[in-house]
Amino acid sequence: MVFAAPNDALSRAEGVLDTDPTPLHASVAHQVIGIWQRDWGDMRLALDHLRRARALAARADSAEREADVLATLGVALVHAGRTRQGLAAFERGVGRGTGHTRARVLYRRAYSWWVLGHHREALEDVRRAIPVLRQADDVIWTARALTLRATVHLALGAVERAEADFTAAEALWDTTGQEHDKADAVESRGLAAFRSGDVPAALRLLDEAEERYAKLGTPTFMLNIRRCEVLMAAGLAPEALAEADAAIAVLDGIGGQSTRKAELLLAAAKAARLAGDPGTAIARAAVAVRLFAGQRRTWWETHAQLVLIDARVAAGRGSGRLVADAVKVAERLSAFGAPAAPEAWLLAGRIALGLDWTADAERYLEVAARSRRSGPPLARMTGWAAQALWARATGSGRGVLEACRRGLDVLDAHRTTLGASELRARATAQGAELAALAQQVSLERGGPRRLLVWSERWRATALSTPPTRPPADPALLSGLTAFRVIAARAEAARMDGRPVPTLEREQRRLEREIRSRTLHIRGHSPGYGGRFDVGRLLDRLGDGRLVELAVLDGRVQVLLCGGGRVRRFAGGLLAEAEREAEYVQSALRRLAHPGGEGRLPLVETAGRRLEELLLGEAAGHLGSGPLVVVPPARLHRVPWALLPSLRERVVSVSPSASAWLRARDTQPPPGGRHVLVRGPGLATGGAEVPEVAGRYGRPTVLEQADAHGARVLRELDGAALAHIAAHGTFRADSPMFSSLRMADGPLIVHDFERLARSPYRIILSSCDTARLASVGADELLGLVTALLPLGTAGVVASSAPVNDAAVVPLMLALHKGLSAGVSLGEALRDARAALPGDAVHQATGWAFTAFGAA
């Protein structure tokens, strides 16, 4: 009963002890309490109850009862870090039990072998147990044994064998009422999905298991560990670190299992390393190594040593000692048959390369590269990274590019399984090293065209296809509606000065639910289209130019495309350009209000400095036609119209040259509908909307109560042009919840991603609507980038706070140009020129950018 209804079993056992039971019955009751405390409570209490259970079994003169208790005690001792005592208890239990009881003891010893990382011993014991359990028609214990065998197979990389055992176990669980065991089976299927490369399914199954555990009221430390692993693979390392640290705090608070604490520390160390925090990774991994060593868990200790060495290298350390340590870890992992062995060989090769130990590096990398042909996607990525570094070490530029191409193809295929744009964007980080290697070789040996091709191969790939829409998911739709209502109530309460903690908690809960359901969506895109064609780009540019900014070794490389050729110019340091762009953003924020006029000369000086850093000598070769700028993600906030050579030009911005070509080829929808929206709370009340409406015959105008989320989305779908005057809010902590405020609450990015086709042209006339979050390798998340893959060919939006009153004349002039038939870029240039020359209007014009090609 303790794994069917744990808390009820605990109460029943305590009730038995209140009735002056026989030694036999008291032994059972103490064993149940010991199991509950072992798995969900205080290990000290668990050991106390289990020792009393064993003594009572001896008093009852029941060898079978004593053997059963010894097995439970053995598991508890192992989890408490007392490995030698735990294994001794199992030896006595195997000797005392017979037949069916001995099979149960063997199963629990197999489980302990798995905890200790002795996988072959675990398989041997569980293989001996399963036939006896089946012969006894013991459904529950047979299902447990099959689940354990599957889990051990996963640890050894045998995914197909694991899935077969999980399937057989699940069929047996369906015939029982073992609710905790059933939840564990769902969790195990989530782990199997992850090992086979299906991240969305893994997240969905782990969330389902957590819901089942929550109903039983039991902690979920093993689930926390497994979810951390999946979150890291999904590019969500900071979330994995937060989850691991929170679980460690809960475990410490209840005096829980020492083994689980060590595993959680290892998960936290991995997450911190991936999150770019090597100091935290070193601290967590060092404690994990000590705990695993004390628990005699060599398999786990070796994995923790791998993370510790990797974190030390990331912190800037490199020495012959670290090479030797990495090789030792790699040899141990290889002997264990651990799937992580190629990572260790790759790490050893990297450190050796850093010391110019070329011969040693080649040897280690050659071993790591063997994993490129088989296994889950991330393992093959490790192999191709090793192959690329090996080719680099041997001087084969062609070999580097081939390995990079093959590795990025694997990652592309993996990303097609991810339906959520957030996951696809974050997954690109796993190919950053391959992309950088290919671009470096292209710069050294291939010339500007090849560098452009490789820059495009890795730029904004998450935007190349629209996110997968869930098939009419009523729970997601309900969550989005509820979120809008709660967010609106919270905003109204804040404006009235009322406390909102309850509303904010509900809002955060709904955010978690929406995001969770979105991350569960599996992708079904067939791929990312054909390879980038430089010739086609040059043909489509006509008399225009396209500037793509690539970043290699921290320096900007300017690729100027147009006039039938691609030329390269040297730019400045990316870090300096980022600092200058942040200063400009701060200054524009101040210029949005009267009294900041004195900063205007400083902003113009910063614009000249940005031009030097970002365009260099290319600024003198831009021609006179329209210009497309393709910046790296980290420079998405540059106000390009502020650069002196671009102020009087037609300029548009695109996440990639490929995205610009797709926008150029996008055709307007039939019907030419125009939709104008006025949200609440604007200082001017969206004063431009009535005047703009007069330019377009009979547009759809949504304002006041009509401007509610569902109606706005319905009208936007498939419109030719949309103008939305509504407060924008950018969420740096969660960019997919960046929003536009409607009458009934915020419309978030997830809402827009449900459009069948977003408006062909869309103008967002309020603050911060073009702000984006840089994630993954070179990807952006936010409102503008959500619209581009959905059919929008052009967007005008602001990357900074703007003056509402100054926006009105800019928007009127912009629509004057659009109604005359010019592009968004041309209309925005002419609208800036028509503004008054004061600082507020100038800053307002610079804050807006045209994206795309419409």
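All residue numbers here refer to positions counted from 1 along the written sequence of the relevant chain. Restriction of local features to residues with pLDDT of at least 70 applies here, the model being predicted, together with a cutoff of 80 or more for giving and counting side-chain atom pairs; totals for whole chains, interfaces and linings are based on all residues. As a rule here, side-chain values cover all heavy atoms of the structure and leave hydrogens and water aside.

**Details of the overall build of the chain**
Alright, step 1. Secondary structure assignment for the chain yields 36 helices and 16 strands.
Alright, step 2. Overall size of the chain, expressed as C-alpha extent along the three principal axes, is 100 × 65 × 50 Å.
Alright, step 3. Here the term buried applies to any residue with accessible area under 20% of the maximum for its type, exposed to any over 50%, and partly exposed to those in between, with areas from a 1.4 Å probe on protein chains only. Per-residue burial for the chain yields a buried fraction of 59% across its 854 residues.
Alright, step 4. Of the contacts formed within the chain by residues at least 6 apart in sequence, a portion of 70% connects residues at least 24 apart.
Alright, step 5. Carbon and sulfur atoms form 50% of the exposed surface of the chain, whose accessible area is close to 32,700 Å².
Alright, step 6. In summary, the charge assignment counts Lys and Arg as positive and Asp and Glu as negative, without counting His or the chain termini. A single reference atom marks each charge: NZ on Lys, CZ on Arg, CG on Asp, CD on Glu. Within the chain, the 94 negative side-chain charges are centred at a point lying 3 Å from the centre of the 109 positive side-chain charges. Numbered from the N terminus, helices here are DSSP runs of H or I no shorter than four residues, and strands are runs of E no shorter than two. Contacts are residue-level and defined by heavy atoms, with any inter-residue pair within 4.5 Å sufficient. Methods summary: accessible areas were calculated by the Shrake-Rupley approach with a probe of 1.4 Å, and residue burial reflects only the protein chains presented.

**Some points on the environment of L615**
Alright, step 1. With respect to the helices and strands, the residue L615 is situated in the loop between α28 (600-614) and β4 (627-630).
Alright, step 2. The class of L615 is buried, set by a relative accessible area of 2%.
Alright, step 3. With near-sequence residues (within four places) excluded, L615 lies in contact with V547, V558, L610, L622, L643, S645 and L646.

**A short note on the pairing of β4**
Alright, step 1. Neither face of β4 is left uncovered, since the one carrying L627 and V629 and the one carrying V628 and V630 both have all their residues buried.
Alright, step 2. Criterion used throughout: strands pair if DSSP finds at least two bridges between them. In this structure, strand β1 (residues 545-552) lies alongside β4, joined through four bridges in parallel fashion. Across the sheet, V547 pairs through a bridge with V629, a residue of β4.
Alright, step 3. Examined bridge by bridge, β4 and strand β5 (residues 651-653) share three bridges and lie parallel to one another. The partner of V628 across the bridge, within β5, is S652.

**Looking at the packing of aromatic side chains**
Alright, step 1. Each Phe, Tyr or Trp ring (for Trp, its six-membered ring) is paired with any other whose centre lies within 6.5 Å, and the angle between the two planes then decides the class: stacked below 30 degrees, edge-to-face above 60, tilted in between. Within the structure shown, the criterion is met by eight aromatic pairs.
Alright, step 2. Taking 6.3 Å as the distance between ring centres and 70° as the angle between the ring planes, the aromatic pair formed by W36 and W40 counts as edge-to-face. Placement of both W36 and W40 in helix α2 (residues 23-40) is noted, with a separation of four residues, approximately one turn of the helix. There is no split in this pair, since W36 and W40 are both buried.
Alright, step 3. Residues Y111 and W114 carry aromatic rings whose centres are separated by 5.8 Å and whose planes lie at 45° to one another, so their mutual orientation is tilted.

**Digging into the layout of surface pockets**
Alright, step 1. Here a cavity means grid points, on a 1 Å grid over the protein atoms only, where a 1.4 Å probe fits yet cannot get out; a pocket means an open set of points with protein on both sides within 12 Å along at least five of seven lines; lining residues are those with an atom within 4 Å of a point. Grid points are joined across faces, edges and corners, and a volume is the space filled by probe spheres set on the points. Estimates place the volume of the second largest pocket at around 1,100 Å³.
Alright, step 2. Contributing to the lining of the second largest pocket are 49 residues, with F3, R38, D39, R144 and D181 lying nearest its centre.
Alright, step 3. Where the lining of the second largest pocket is concerned, the elements lending two or more residues are α1 (6-17), α2, α4 (63-79), α6 (99-116), α8 (139-155), α10 (179-195) and α12 (221-233).
Alright, step 4. Looking at the lining of the second largest pocket element by element, the count peaks at nine residues for α2.
Alright, step 5. Among the residues making up the lining of the second largest pocket, the classes are represented as 24 nonpolar, 11 polar and 14 charged. Nonpolar residues are Ala, Val, Leu, Ile, Met, Phe, Trp, Tyr, Cys and Pro. Charged residues are Asp, Glu, Lys and Arg, and all others, Gly as well, are polar.

**Considerations on the nonpolar core**
Alright, step 1. What is meant by a nonpolar core is a set of buried Ala, Val, Leu, Ile, Met, Phe, Trp, Tyr and Cys residues, joined one to another through side-chain atoms within 4.5 Å. Grouped together as the largest cluster of nonpolar side chains are 132 residues, with contacts concentrated most on W114, L148, V199, L333, C404 and L423.
Alright, step 2. The element contributing the most residues to this core is α6, with 10 residues.

**Some points on the packing of α12 against helix α13 (residues 237-254)**
Alright, step 1. Interaxial angle, 0 to 180 degrees, is taken between N-to-C directions of lines fitted to C-alpha atoms, where a helix line uses only the stretch in contact. Where α12 meets α13, the closest approach of the two axes is 8 Å, and the angle between their N-to-C directions is 165°. On the basis of the axis angle, α12 is roughly antiparallel to α13. In this structure, α12 crosses over α13, and the sense of that crossing is left-handed. Residues F221, N224, R227, C228, L231 and M232 of α12 form the contact with α13, whose participating residues are A237, E239, A240, E243, A244, A247, V250, L251 and I254.
Alright, step 2. Of the residues that constitute the contact of α12 with α13, the class distribution is 11 nonpolar, one polar and three charged. Angle categories are assigned with fixed cut-offs, so that under 35 degrees is roughly parallel, over 145 is roughly antiparallel, 65 to 115 is roughly perpendicular, and the rest are oblique. Each crossing is labelled by how the near helix is turned from the far one, with a counterclockwise turn of less than a right angle marking it left-handed and a clockwise turn marking it right-handed.

**Examining the sheet that holds strand β11 (residues 745-748)**
Alright, step 1. In spatial order, the strands read β9-β10-β11; together these three strands make up an open sheet with antiparallel pairing. What marks the edges here is a single partner per strand, and that holds for β9 (728-729) and β11.
Alright, step 2. Pairing of strand β10 (residues 739-742) with β11 involves four bridges; the strand directions are antiparallel. In the strand pairing of β11, L740 is matched with L747.

**Let's talk about the confidence of the model for the chain**
Alright, step 1. Confidence per residue, as judged by the predictor, is encoded in pLDDT with a range of 0 to 100. The predicted model of the chain has a mean per-residue pLDDT of 92, with 98% of residues at 70 or higher.
Alright, step 2. Confidence scores differ between elements of the chain, with strand β14 (residues 779-781) showing the lowest mean pLDDT of 83 and α4 the highest of 97.

**Remarks on the side chain of S758**
Alright, step 1. Mapping S758 onto the fold places it in the loop between α32 (749-752) and β12 (761-764).
Alright, step 2. Given the relative accessible area of 0%, S758 is considered buried.
Alright, step 3. Within the structure, the side chain of S758 is placed 3.2 Å from the backbone oxygen of L787, a separation counted as a polar contact. As used in this structure description, the phrase polar contact means that two N or O atoms lie within 3.5 Å; if the pair is within protein, one of them must be able to donate a hydrogen and the other to accept it, and residues adjacent in sequence are counted only when both atoms belong to side chains.

**Examining the pattern of salt bridges**
Alright, step 1. Each reported salt bridge corresponds to a side-chain nitrogen of Lys or Arg within 4 Å of a carboxyl oxygen of Asp or Glu. For the structure on display, the rule yields 60 salt bridges.
Alright, step 2. For E239, the salt bridge goes to R515, with nearest N and O atoms at 2.5 Å. Highlighted residues: E239 in helix α13 and R515 in helix α25 (residues 501-519), separated in sequence by 276 residues.
Alright, step 3. For R515, a relative accessible area of 14% gives the class buried.
Alright, step 4. Across the salt bridge formed by R741 and E491, the nearest N and O atoms sit 3.8 Å from each other. Taken as a pair, R741 in strand β10 and E491 in helix α24 (residues 474-495) lie far apart in primary sequence, 250 residues in all.
Alright, step 5. According to the relative accessible area criterion, R741 is partly exposed, its value standing at 26%.
Alright, step 6. With a relative accessible area of 28%, E491 lands in the partly exposed category.
Alright, step 7. Linked by salt bridges that have partners in common, E402, R405, R406, D409, D412, R415 and R457 make up one network.

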